[in-house]
Each structure stands twice: as structure tokens, then as C-alpha cells.
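Chain by chain, the residues run as shown.
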Amino acid sequence: MADADVTTLDGNALAGVLDAVFGEDMTTAIGTCATCGVSGEVARVVVYARGGRARSLGVRHVPRR
Amino acid sequence: VLTVERLDDGEVSPYLVDELRPGDQLELRGPVGGYFVWEQSLGGRLFLVGGGSGVVPLRAMLRHHRAVESTVSVRLLYSARTFDDVIYRDELAKLDAEAEIHVNVTLTRGQPDGWDGYSRRIDRELLEDVSWPPSERPLTYVCGPTSFVEKATSELVELGHDSALIRTERFGATGT
């Protein structure tokens, strides 16, 4: 579960920012976590709303930025 | 079609609701968010679960379903606070009359006289009541506040649904 004081979202929330950077919808892009090797759509990562970080689904670490 | 829910402490929605006038010009980017869509080629059955304005993308899926005259069976579970908070009421009633579409609404904060829908927050029993059995392997879309999405998905997985068939979109807290 999410920490009580941190709002967690998912990769859908990154759609606008990533579109501004890459010029297209990135939520369906497949990413692979550099640390644990899990693959999945960008939309499925856990996003910390105020932390500026995204981590892969199902693990408790923060991928390299 | 865009739907805007005004949040008192929102950065953008009060402007869109209170300030924007017909004829004003806006610059739009997108569409983005292609992960949380349904199209006919994905098949079904479909189970759509929306909390509050989380029903918005689900209604877009239902409109698409009608536009392509899909025969995929769909069940929608929509959780709202009160009857007045239910958006697209008339449209959802019409959709519910379609043979392929079944709409369930639960009202969590108050119900009008004669209400015959559900009257509580989503829980495992309610989800089991309205969802397809896990053996039918429905494609499931859940959208709403983060806590709503976490609750719905964890209960669905507990009921035996394959998490790989569940797509989610969280929009954080909504001041509840």
C-alpha cells in the first residue's frame, strides 16, 4: 500500500510530460527497469506525485533517474 | 468531448469551469493516455469500474463500443457519493438499456427515496456481485482516486482475477 502522506499515481499521469518531451504518447511504450529487469508499459509504473520519481511495478526500489 | 470536474483547490479546473467562455481559444496537446483505452480488437468481456469522475474514460469506452456496434458484453460499476454526483445519468440509463451493456451504480454517501442500486463503498462482495467470474477472464479497467483503484484492484485479484488483465488509471486524492 502507499505511504499515507505520499500521493501515488501511475504512469498515466506522466502522459502529458512525456508527450512534451518525446512528441508522442509514451504510456504504451514498454520500459524495462534497470535494476530489477521487470518490463511493462510506462502507464503501469508507480509515480510519486511530489517526489518526481517513478518506480517499476511490484518492487520497492527507485530506478535510476 | 471533454468532461471537467471542478475541484475547489484545483489549479486548472476552476479556470475551465468559471472563467472560460464560448469563443475563447485553447491550445490542446494530445491525445495522450493510449494505455487506458479499449478497442474492439482487444475483445472482452469487459468490466469497467469507475470512482467519481473516474467514470469519464469508461464512458468514452462505452461510446466507442456503441460507435463500432460491438457485441462484446460490458458491465460497468460506477461509485458516486450521491445521486446528484452521478454524471452522464441519462446517457448511462440509455446505455443500460442496450443488450450488451449492464450498468450498476453504488451511492456511498446518500441515496434518494426508492433507490434500488447499491448503497455502499465498493467491497469484495459487491465486486463479486457485479463482475464477471474470474474464469471468464474479463478485461477490466479501473479508474478513480488512488485509494479507490487500490481497493478495487486488490479485491479483484483476491477474487482470482488475473492482474495482467486489469488496467488502471489513478488520479490521486480528491479531498474526500
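For the structure, check the block above.
What you are looking at is a predicted structure, and each value in this text was computed from that prediction instead of being measured. (Residues numbered from 1 in each chain as written. Chains lettered and ligands numbered in written order. Predicted model: local features only at pLDDT ≥ 70, side-chain atom pairs only at ≥ 80, totals over all residues. Heavy atoms only, no water.)

Let's hear about the overall build of chain A: which residues, and what values?
Regarding its fold elements, chain A presents 1 helix and 5 strands. Reading chain A from its N terminus to its C terminus gives the helix and strand order β-α-β-β-β-β. Within chain A, buried positions represent 35% of all 65 residues. For chain A, restricting intrachain contacts to residue pairs at least 6 apart in sequence, the fraction spanning at least 24 positions comes to 40%. For chain A, the computed accessible surface area is about 3900 Å², with 55% contributed by carbon and sulfur atoms. (Helix = DSSP H or I, 4+ residues; strand = E, 2+ residues; numbered from the N terminus. Buried < 20%, exposed > 50% of the residue type's maximum accessible area, 1.4 Å probe, protein only. Contact = heavy atoms within 4.5 Å. Areas by Shrake-Rupley, 256 points an atom, 1.4 Å probe, with all protein chains shown as cover.)

Describe in detail the sheet that holds strand β4 (residues 139–144) of chain B, supporting the description with residues and values.
Residues and elements named next belong to chain B. Read across the sheet, 5 strands follow the order β3-β2-β1-β4-β5 without closing on themselves; strand pairing throughout is parallel. The sheet is open, and its two edges are formed by β3 (101–107) and β5 (166–170), each paired on a single side. With strand direction ignored, the average angle separating the axes of adjacent strands in the sheet is 10°. Both strand β1 (residues 46–51) and strand β2 (residues 74–80) contribute to a ladder of 6 bridges, which runs parallel. Counterpart to phenylalanine 47 in the pairing with β2 is arginine 75. (Pairing = 2+ DSSP bridges. Axes fitted to C-alpha atoms, helices over the stretch in contact; angles between N-to-C directions.)

Tell me about the interface of chain A and chain B, and name the residues and values.
Between chain A and chain B, the residue contacts involve 17 residues of the former and 16 residues of the latter. Interface area, chain A with chain B, both sides summed: about 1200 Å², of which 56% is carbon and sulfur. Summed over the shared surface of chain A and chain B, the result is 2 salt bridges. Between A:Asp10 and B:Arg170 there is a salt bridge, with its nearest N and O atoms 3.0 Å apart. In this structure, the connection of chain A to chain B is made through 9 residue pairs in polar contact (both at pLDDT 80 or more). Mapped onto the side of chain A that touches chain B, the elements with two or more residues apiece are β1 (8–10) and α1 (15–22) of chain A. Tallying contributions element by element places α1(A) first for the side of chain A that touches chain B, with 5 residues. (Buried area = accessible area lost by both parts, 1.4 Å probe. Salt bridge = Lys/Arg side-chain N within 4 Å of Asp/Glu carboxyl O. Polar contact = N/O pair within 3.5 Å; in protein donor to acceptor, adjacent residues only side chain to side chain.)

Describe the pairing of β3(B), with residues and values.
Side-chain direction in a regular strand flips from residue to residue, so the side chains alternate between the two faces of the sheet. Residues and elements named next belong to chain B. In terms of residue burial, β3 counts as a mostly covered element, since 6 of its 7 residues are buried. Strand direction decides the pairing type here: β2 and β3, joined by 7 bridges, are parallel. Its bridge partner being in β3, leucine 76 is matched across the sheet by valine 103. Read from β2 through helix α3 (residues 89–96) to β3, the crossover connection turns out right-handed. (Right-handed = clockwise from strand over helix to strand, strands pointing away.)

Lay out the nonpolar core with the relevant residues and their values.
Residue and element names in this part refer to chain B. Judged by nonpolar contacts, the single largest core of 25 residues is most densely connected at Leu46, Leu48, Leu62, Leu76, Tyr78 and Tyr141. If you list the elements that add at least two residues to this core, you get β1, α2 (55–67), β2, α3, β3 and β4. Formed by 16 residues, the second largest nonpolar core is a distinct cluster that contains Val49, Tyr118, Val130 and Ala152. (Core = buried A, V, L, I, M, F, W, Y, C linked by side-chain atoms within 4.5 Å.)

Account for the side chain of B:Glu91, naming residues and giving values.
When you line up the elements, B:Glu91 lands in helix α3. Contact partners of B:Glu91, with chain neighbours within four places excluded, come to B:Arg59 and B:Arg63.

Quick rundown of the pattern of salt bridges? Include the residues and the values.
Residue and element names in this part refer to chain B. What the rule picks out here adds up to 16 salt bridges over all chains. The residue glutamate 91 makes a salt bridge to arginine 59 at a minimum N-O spacing of 3.1 Å. Of this pair, glutamate 91 sits in helix α3 while arginine 59 sits in helix α2, and the two are 32 residues apart along the sequence. By relative accessible area, arginine 59 is classed as buried at 10%.

Give me the lowdown on the packing of aromatic side chains, citing residues and values where you can.
Residues and elements named next belong to chain B. For the structure on display, the rule yields 2 aromatic pairs over all chains. Measuring from ring centre to ring centre gives 6.1 Å for phenylalanine 83 and tryptophan 115, while their planes differ by 65°; the resulting arrangement is edge-to-face. Residue phenylalanine 83 is located in the loop between β2 and α3, and its partner tryptophan 115 is located in the loop between β3 and α4 (124–130); the two are separated by 32 residues in the primary sequence. The side chain of arginine 89 reaches across the aromatic face of phenylalanine 83, ending 4.5 Å from its centre. Taking the ring centre of tyrosine 35 as reference, the NZ or CZ of arginine 167 above it sits at 5.0 Å. (Phe/Tyr/Trp six-rings, centres within 6.5 Å; stacked < 30°, edge-to-face > 60°. Lys NZ or Arg CZ within 6 Å of the ring centre and 35° of its normal.)

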